[in-house]
Amino acid sequence: SGKVLDVTNFSTSDGALIQEWDYLGGDNQKWSLVPTGNGYYAIVNKLSGRVLDDSNYSLSDGNLIQQWDYLGGSNQQWQFVPVGNPGQ
């Protein structure tokens, strides 16, 4: 889509939803990868210091992604998997 991960309304609160948005350069759109071990990472927002969190540890398609304080749960640790040529 050419868009970036964006914390809705510049929120710094737990539970704020993550959306995709045009890049505008705000700290709510800047993220750091922090290794958590075994090839997994916490994805930390620059503005809030909170991490991407799969709400309610869901395994269902369409589940919401939010930001939350890092608690070390598997729902807050992400792995990057190559998928080949994205243009195909």
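Residues numbered from 1 in each chain as written. Predicted model: local features only at pLDDT ≥ 70, side-chain atom pairs only at ≥ 80, totals over all residues. Heavy atoms only, no water.

Caption draft 1: Inspection of the overall build of the chain at higher detail. Looking only at helices and strands, the chain features zero helices and six strands. When its helices and strands are written in sequence order, the chain yields β-β-β-β-β-β. Here the chain has a C-alpha radius of gyration of 13 Å; the compact-globule value for 88 residues is 12 Å, and the two agree. A principal-axis box enclosing the C-alpha atoms of the chain has dimensions of 35 × 30 × 25 Å. In the chain, which comprises 88 residues, the proportion classed as buried is 28%. (Helix = DSSP H or I, 4+ residues; strand = E, 2+ residues; numbered from the N terminus. Rg over C-alpha atoms; globule rule 2.2 N^0.38 Å. Buried < 20%, exposed > 50% of the residue type's maximum accessible area, 1.4 Å probe, protein only.)

Caption draft 2: Expanded view of the pattern of salt bridges. Here the structure, examined in full by the defined rule, presents five salt bridges. K3 serves as the salt-bridge partner of D22, at 2.7 Å between the closest nitrogen and oxygen. Note that D22 is positioned in the loop between β2 (18-21) and β3 (31-37) and K3 in the segment before β1 (4-7), a separation of 19 residues in sequence. Judged by relative accessible area, which is 45%, D22 ranks as partly exposed. Linking D27 and K30 is a salt bridge whose minimum nitrogen-to-oxygen distance equals 3.7 Å. Among the residues examined, D27 registers a relative accessible area of 29% and is labelled partly exposed. Among the charged side chains, a salt-bridge network with shared partners connects D14, R50 and D69. (Salt bridge = Lys/Arg side-chain N within 4 Å of Asp/Glu carboxyl O.)

Caption draft 3: Region of interest: the environment of G72. Looking at the element boundaries, G72 is found in the segment after β6 (65-68). In sequence terms G72 and T36 are 36 residues apart; their C-alpha atoms lie 8.3 Å from each other.

Caption draft 4: Spotlight on the side chain of R50. Residue position: R50 is located in the loop between β4 (40-45) and β5 (51-54). Setting aside its immediate chain neighbours within four residues, R50 contacts T12, S13, D14, I43, V44, N45, Q67, W68 and D69. (Contact = heavy atoms within 4.5 Å.)

Caption draft 5: Spotlight on the nonpolar core. Membership of the largest hydrophobic core is limited to five residues, which are V7, A16, I18, I43 and L52. The residues touching L52, leaving out its near neighbours within four places in the chain, are L5, I18, W31, I43, I65, Q66, N75, Q76 and W78. (Core = buried A, V, L, I, M, F, W, Y, C linked by side-chain atoms within 4.5 Å.)

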